[in-house]
Amino acid sequence: MPYTVSKLTDFSPAALDAAVRELLSALEEESEAVVCEQQMEPYENPWKAFRDRWMARKNGILTQLNDLWLKAAPGPSKKDVGQRVNELRKTVEGMVEVAQKRLLFAKAVPTEVIHPGIEVPADELEAYAKRVALASQRVDITLPGIRRPIGAEHPVIKTMNEMIAVFRNLGFSVEEGPEVETDFYNFEALNFPPNHPARDTQDTLFIAGQESKPPRDRLLLRTHTSPVQIRTMQKMKPPVRVVCPGKVHRNDALDATHSPIFHQIEGLAVDTNITFCDLKGTLDHAMKAMFGSNVKTRFYPSFFPFTEPSADVQISCIFCDGKGVRDGAPCRNCKASGWIELLGCGMVDPNVYGFVDYDASKYSGFAFGMGVERIAILKYGVDDIQLFFSGDVRFLEQFG
Ligand code: DAH
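Residues numbered from 1 in each chain as written. Predicted model: local features only at pLDDT ≥ 70, side-chain atom pairs only at ≥ 80, totals over all residues. Heavy atoms only, no water.

Caption draft 1: Quick peek at the overall build of the protein. Within the protein, the secondary structure is distributed over twelve helices and eleven strands. Scaling as 2.2 N^0.38, a compact globule of 400 residues should have a C-alpha radius of gyration of about 21 Å, whereas the protein reaches 37 Å, well beyond that. Projected onto its principal axes, the C-alpha positions of the protein cover 105 × 60 × 40 Å. Burial analysis of the protein (400 residues in total) assigns 42% to the buried set. Contacts in the protein between residues far apart in sequence, at least 24 positions, make up 66% of those at least 6 positions apart. Separation of charge centres in the protein, based on 46 positive and 53 negative side chains, amounts to 3 Å. (Helix = DSSP H or I, 4+ residues; strand = E, 2+ residues; numbered from the N terminus. Rg over C-alpha atoms; globule rule 2.2 N^0.38 Å. Buried < 20%, exposed > 50% of the residue type's maximum accessible area, 1.4 Å probe, protein only. Contact = heavy atoms within 4.5 Å. Lys, Arg positive; Asp, Glu negative; His and termini not counted. Charge placed at Lys NZ, Arg CZ, Asp CG, Glu CD.)

Below, the structure written as structure tokens:
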């Protein structure tokens, strides 16, 4: 049975002597066991277990002595008990230290030279301990080093940076906004009136417990990067030419082409005399820069609350060169149509200028928004959007 501190009721010197003797013999026995590495119980480092058992601040034997002996002692015995506990403390601390040195010594010399109970001069022990410590820190500089694989840029970030570079070359700068947005920025100021059905096209994740706030102040995870348009226009006056990359969230079930988290790049240009021609020229150039100069673009009527008119941009299918047929079979990538839909865009709706104090009679502008994963999927021929988020290095290292 391992030693346990007994609760004292008799505090006479004779009873105390007996209790102290019992404790010391347990201490000695356990310290020998540790030095001979006969572990007290399975424990990675028997010396640490020994130290903790006796000295742990929380429930070590020394702490228990304070509680079970000293605190329990009646007034007249307090001093006597106090002195004994103090002495025991010094003894335990000394034994723990000696046990450690003996262990280090035992490792430094062949085991047959040292036996439990051997008396070793303190300075010799010290010297051995130092030698052991130094030896354990030796580095063999002739060994080959550890080769750490060089990471690769994530394909989504890579695509994002490529897109941004295209627009930077056209004079656009980069703006960012928060992922946790208010209803005002994500919807209202983008001309989605409260309860407007256009909100349903973006299955929104709202932060819970905000019923007491006015609707426009309620927080949500932004469903698109378009709110950065509003934040930018509040911050600066025209001319504005920005792209806004970032992460967006929708309550979408996950499948090969949908993920509840994905990335977008927003674009906004506002100035005097900006026309639909500027929008077409800019996006046509950007698509050619991304997918090759053979690619054609086509603008297809669409609807977004914050643009008027609005359009979806399609590019000629990069898999079948816009023919709709590949290797004699209907092209699967464009469903044989020859066109692939890539992004939304339009001329900024004058209502939006009302929310940011721009003079709608003086300025006009265009905006666009595109999904980064979608572009990366096309560019790299990836067949499952989940690959971007699963962290599988076999997939990711292909983009290095
Ligand atoms: N925010 C839209 C979406 O996520 C995309 C979009 C369409 C952005 C038209 C625009 C735009 O700036 O003009 O569905």
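Caption draft 2: Up close: the pattern of salt bridges. Under the counting rule described, the total for this entry stands at twelve salt bridges. Taken together, the shared-partner salt bridges connect Asp17, Asp80 and Arg84 into one network. (Salt bridge = Lys/Arg side-chain N within 4 Å of Asp/Glu carboxyl O.)

Caption draft 3: Up close: the site of the ligand. The immediate surroundings of the ligand are formed by 16 residues, with His224, Ser226, Arg250, Gln264 and Glu266 found nearest. The side chain of Gln229 places a nitrogen or oxygen atom 3.0 Å from an oxygen atom of the ligand. The separation between an oxygen atom of the ligand and a polar main-chain atom of Ala367 is 3.2 Å. Secondary structure elements with two or more residues in the shell around the ligand: β5 (261–271), β10 (339–348) and β11 (364–371). Tallied by class, the residues present in the shell around the ligand amount to five nonpolar, nine polar and two charged. (Near = heavy atom within 4 Å. Polar contact = N/O pair within 3.5 Å; in protein donor to acceptor, adjacent residues only side chain to side chain. Nonpolar A, V, L, I, M, F, W, Y, C, P; charged D, E, K, R; others polar.)

Caption draft 4: Broad picture of the sheet that holds β5. Spatial ordering of the open sheet is given by β1-β4-β5-β11-β10-β7-β6, a layout of seven strands whose pairing is mixed. The sheet is open, and its two edges are formed by β1 (173–174) and β6 (297–304), each paired on a single side. Pairing between strand β4 (residues 240–249) and β5: ten bridges, direction antiparallel. Looking at the pairing, Val243 lines up with Gly267 of β5. This element, helix α9 (residues 276–291), spans β6, β7 (307–316), β10 and β11 of the sheet and lies at about 145 degrees to β10. (Pairing = 2+ DSSP bridges. Axes fitted to C-alpha atoms, helices over the stretch in contact; angles between N-to-C directions.)

Caption draft 5: Seen up close, the packing of helix α1 (residues 13–35) against helix α2 (residues 46–55). For the pair α1 and α2, interaxial distance at closest approach is 9 Å and the crossing angle is 165 degrees. What the angle tells us is that α1 and α2 run roughly antiparallel. The two elements α1 and α2 cross, and the hand of that crossing is left-handed. Along its contact with α1, which presents Leu23, Ala26, Leu27, Glu30, Ser31 and Val34, the element α2 presents Pro46, Trp47, Phe50, Arg53 and Trp54. Grouping the constituent residues of the contact of α1 with α2 by class yields eight nonpolar, one polar and two charged. (Parallel < 35°, antiparallel > 145°, perpendicular 65-115°, else oblique. Left-handed = near helix turned anticlockwise from the far one by under 90°.)

Caption draft 6: Structural context of the packing of aromatic side chains. Per the stated rule, a full pass over the model turns up 15 aromatic pairs. Relative to Phe306, the ring of Phe304 lies with its centre 6.0 Å away and its plane at 35 degrees, an arrangement referred to as tilted. Phe304 gets classed as partly exposed once you look at its relative accessible area, which sits at 23%. Chaining the aromatic ring pairs together yields one cluster made of Phe167, Phe172, Phe366 and Phe368. For Arg231, the ring lying beneath its charged end belongs to Tyr185, and the centroid distance is 3.9 Å. (Phe/Tyr/Trp six-rings, centres within 6.5 Å; stacked < 30°, edge-to-face > 60°. Lys NZ or Arg CZ within 6 Å of the ring centre and 35° of its normal.)

Caption draft 7: A look at the packing of helix α6 (residues 155–169) against helix α11 (residues 372–380). Orientation of α6 relative to α11, taken along the N-to-C sense of each, is 100 degrees, at an axis distance of 9 Å. Taken together, the axes of α6 and α11 lie roughly perpendicular to each other. Of the residues in α11, those in contact with Pro155, Val156, Lys158, Thr159, Met160, Glu162 and Met163 of α6 are Val372, Glu373, Ile375, Ala376, Lys379 and Tyr380. Along the lines of polarity and charge, the residues of the contact of α6 with α11 split into eight nonpolar, one polar and four charged.

Caption draft 8: Focus on the pairing of β4. The buried fraction of β4 is high, at eight of ten residues. With two bridges connecting them, β1 and β4 associate as parallel partners. Opposite Val174, over in β4, you have Val243 as the bridge partner.

Caption draft 9: Layout of the side chain of Thr225. Tracing the backbone through its elements, the reader meets Thr225 in the loop between β3 (219–221) and α8 (227–235). The exposure class of Thr225 is buried, given its relative accessible area of 0%. In this structure Thr225 touches Cys244, Pro245, Gly246, Val248, Gln264, Ile265 and Glu266, once residues within four positions along its chain are discounted.

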